[in-house]
Amino acid sequence: MSRLKSSLPETLAAAVKATVGEWQSGGKMQRLWQRDASLWTNDDEDKWLGWLDITDEQIAHPIELRNLAKEVWSAGFKDVLLLGMGGSSLCPEVLRITFGKTAGYPDLHVLDSTDPAQVKAFENKIDINRTLFIVSSKSGSTLEPNIFKQYFFERTKQAVGADKAGSHFIAITDPGSKMQKVAEADHFRHIFFGRASIGGRYSALSNFGMVPAAIIGIDTKKFLDRTQEMVRACGASAPVAENPGAVLGIILGTAAQSGRDKVTIITSPDISDLGAWLEQLLAESTGKLGKGIIPVDREELAAPEIYGSDRLFAYIHTEHGSDVAIDAKVTALEQAGHPVVRISMADVYDLGAEFFRWEIATAVAGSILGINAFNQPDVEASKIATRNLTSEYEKTGSLPPEKPVLETSGVKLFTDEKNAAALATAAAGDKSLTGYLKAHLNRIHAGDYFAVLGYIQMNPEHEKSLQAIRHAVRGKKHVATCLGFGPRFLHSTGQAYKGGPNSGVFLQVTCDDAVDLPMPGQKFTFGVVKAAQARGDFQVLAERGRRALRVHLGPDVRAGLAMLTTALQKALE
């Protein structure tokens, strides 16, 4: 089973030891397994702990998953396109990137963006005639999976005929959901059910993760058997000091309470995408009521002196996949006195065990922080703001007009009145793009974090540009930095950005879509939905009093990013 070692500063180590004692004497792990809501806020937490024993159910019914895998391949499907968001898509994406393509099984693709260029790019990757679509939506009411289904169901009808289209689709959803009704009406090939008592971000080991896993040829029996070892180790009867989930959670929660609330995720190259799943679990579970853990993923490791006293490093690696250069940098962090947790996995089949360990750890950390680790109130706020904007478009044919605070060479800056006033004062006589960016970046202080929120196509070129921006800021300001692509991060880190500590400084990047895609049966397009999501996101950030600035690029995203990068580098001089 995966091993955990920690190297903590003396004060933090003492606090962790004391908290371990409290959890042992208070029987708190027993209370967790008994689903005692008073361990958190005594709200409805007891209704959201179905993930604790989901592996028992999955292991008891192995034939269904094996038969599905055989059926999909024998039906001639060459590709599988999963349509989902957040907890419905992040685990399958981790599995796809980690395990890759298995001979004799279809290739999995995961679509979780409303960017029209990205939707079209996925459509161009597949042959619809030989593609199985997985519509993955717990509630069946989430905007993105629903419009993805509308779009690709229509495309499939055009390709294979209305009478055969349903046989190209399966649904993963909760019993009684709207998606179940849609799937039945459209004669989907299969409907697989989740558990109503499992929230999306805790659903990796349920059908939301295991159905895609089986389809792409992962040995789900081996995967779940490994997971079950971790489930037993994290059980109620294990001493807290020897419980791998409890110990990790106590370190996370205690560190956050002491100001080390930026958990920097480091992975070996063979599990590089695990951080995307951990981001959602940590941020959406803990980031609320002005508290929380801010996960930092895909930030390049730097020299120890670059980091402040608000960091906790989590290094997860496989025994044979670790990178010598990464190992050396992590060792340097430990020697410099930074807190580091090391987790060693035997191989990639230990991923399920890590899913469960981190779920337990997140629940424990949530208890220590005194929050409900299973709701996401500020995600709902963004959804409402987006829905209001798309409804306006349906009525009037346009989104409400906006007035930029600056327009120069095709790039526009937008923000709310409060931020605009603060930035105008700080920029003083330099009301240029560089001047506004400098004023915005000068609002970053020790203990803050800087987040780039990119509502542009998620591809290697764009990611490279936005990564360069975050690292430039990190190098100059010595603060934690984050990067998320919208709208996927709305169902992930977006909760912590709005509901967590007010220590974020945000740079939202939007663009004009050079090519848009129509939405069957709707006036709005994919581009309109993405624009509404970005504006709804920014609106809630502003309502929460966040320091935020939006940079709107023209239709030439490459040129716009080059202009933004140049201006930002000058602003940091």
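An account of the accompanying structure is given in this report. (Residues numbered from 1 in each chain as written. Predicted model: local features only at pLDDT ≥ 70, side-chain atom pairs only at ≥ 80, totals over all residues. Heavy atoms only, no water.)

## Details of the packing of helix α1 (residues 10-25) against helix α12 (residues 244-257)
Piece 1. Their axes nearest at 9 Å, the elements α1 and α12 cross at an angle of 125°. With respect to α12, the element α1 is oriented oblique. You can see that α1 and α12 cross each other, and the crossing is right-handed. The residues of α12 that touch α1, namely those facing Leu12, Ala15, Val16, Thr19, Val20 and Trp23, are Ile250, Ile251, Thr254 and Ala255.
Piece 2. Considering only residue class, the contact of α1 with α12 consists of 8 nonpolar, 2 polar and no charged. (Axes fitted to C-alpha atoms, helices over the stretch in contact; angles between N-to-C directions. Helix = DSSP H or I, 4+ residues; strand = E, 2+ residues; numbered from the N terminus. Parallel < 35°, antiparallel > 145°, perpendicular 65-115°, else oblique. Left-handed = near helix turned anticlockwise from the far one by under 90°. Contact = heavy atoms within 4.5 Å. Nonpolar A, V, L, I, M, F, W, Y, C, P; charged D, E, K, R; others polar.)

## Considering the nonpolar core
Piece 1. In terms of nonpolar packing, the biggest core is built from 91 residues, with Trp277 and Trp358 touching the most fellow members.
Piece 2. Discounting residues that sit within four places of it in the chain, Trp358 has contacts with Leu248, Leu252, Trp277, Leu278, Leu281, Leu282, Ala314, Ile316 and Ile343.
Piece 3. Ile444, Val452, Leu549 and Leu561 belong to the second largest nonpolar core, which has 34 residues in total. (Core = buried A, V, L, I, M, F, W, Y, C linked by side-chain atoms within 4.5 Å. Buried < 20%, exposed > 50% of the residue type's maximum accessible area, 1.4 Å probe, protein only.)

## Quick look at the state of the cysteines
Piece 1. All chains considered together, the criterion is met by 0 disulfides.
Piece 2. Cys234 forms no disulfide, and the closest cysteine sulfur to it belongs to Cys91, at a distance of 17 Å. (Disulfide = S-S within 2.5 Å.)

## What about the side chain of Thr19?
Piece 1. The residue Thr19 is located in helix α1 in this model.
Piece 2. In this structure the side chain of Thr19 is engaged in a polar contact, spanning 2.8 Å, whose partner is the backbone oxygen of Ala15.
Piece 3. Beyond its immediate sequence surroundings of up to four residues, Thr19 is in contact with Ile250, Thr254 and Ile368. (Polar contact = N/O pair within 3.5 Å; in protein donor to acceptor, adjacent residues only side chain to side chain.)

## Focus: the pairing of strand β7 (residues 262-267)
Successive residues of a regular strand alternate their side chains across the two faces of the sheet.
Piece 1. Counting buried positions over the 6 residues of β7 gives 6, a clear majority of the element.
Piece 2. The alternating pattern of β7 places Lys262, Thr264 and Ile266 and Val263, Ile265 and Thr267 on opposite faces, both of which are buried.
Piece 3. As judged from the 3 bridges shared by β7 and strand β8 (residues 294-296), these two strands associate in the parallel manner. Directly across from Val263, in β8, lies its bridge partner Pro295. (Pairing = 2+ DSSP bridges.)

## Describing the packing of helix α10 (residues 207-215) against helix α11 (residues 220-233)
Piece 1. Following both chains from N to C, one finds α10 and α11 inclined at 140°, their axes separated by 10 Å at the closest point. Taken together, the axis directions place α10 and α11 in an arrangement best described as oblique. For the pair α10 and α11, contact is made by Met210, Ala213 and Ala214 and by Thr220, Phe223 and Leu224, respectively.
Piece 2. By residue class, the composition of the contact of α10 with α11 is 5 nonpolar, 1 polar and no charged.

## Side note on helix α14 (residues 324-335)
Piece 1. Taking 1.5 Å per residue as the helical rise, α14 with its 12 residues ought to reach 16 Å, and the 16 Å between its terminal C-alpha atoms agrees with that figure.
Piece 2. Turning to α14, its buried residues are Ile326, Val330 and Leu333. Seen from one end, α14 has its buried residues packed into an arc of 55°, which puts them on one side. Away from the buried face of α14 by more than 90 degrees, exposed residues Val324 and Gln335 are located.
Piece 3. Of the surrounding secondary structure, the elements contacted by the buried residues of α14 are β7, β9 (311-318) and β10 (340-345).
Piece 4. One side-chain oxygen of the residue at the start of α14 lies 2.9 Å from the amide nitrogen of Ala325, identifying that residue as Asp323. (Expected span 1.5 Å × (residues − 1). Arc of directions from axis to C-beta.)

## Here we look at the sheet that holds strand β12 (residues 411-414)
Piece 1. The 6 strands are arranged β11-β12-β16-β15-β13-β14 in an open sheet whose pairing can be described as mixed. Pairing within the sheet leaves two strands with one partner each, and these edge strands are β11 (406-408) and β14 (480-485). For this sheet, the mean angle separating the axes of adjacent strands, direction not counted, is 15°.
Piece 2. By the bridge criterion, 3 bridges tie β11 to β12 in an arrangement that is antiparallel. Considered in β12, the bridge of Glu407 is made with Lys412.
Piece 3. Here helix α19 (residues 460-477) sits on the sheet and contacts β13 (449-454), β14 and β15 (504-511); the angle it forms with β14, its principal contact strand, is near 160°.

## A closer look at the side chain of Arg488
Piece 1. As for its placement among the helices and strands, Arg488 is situated in the loop between β14 and α20 (494-499).
Piece 2. You can call Arg488 buried: its relative accessible area is 14%.
Piece 3. Of note is the side chain of Arg488, whose polar atom sits 3.0 Å from the side chain of Asp112.

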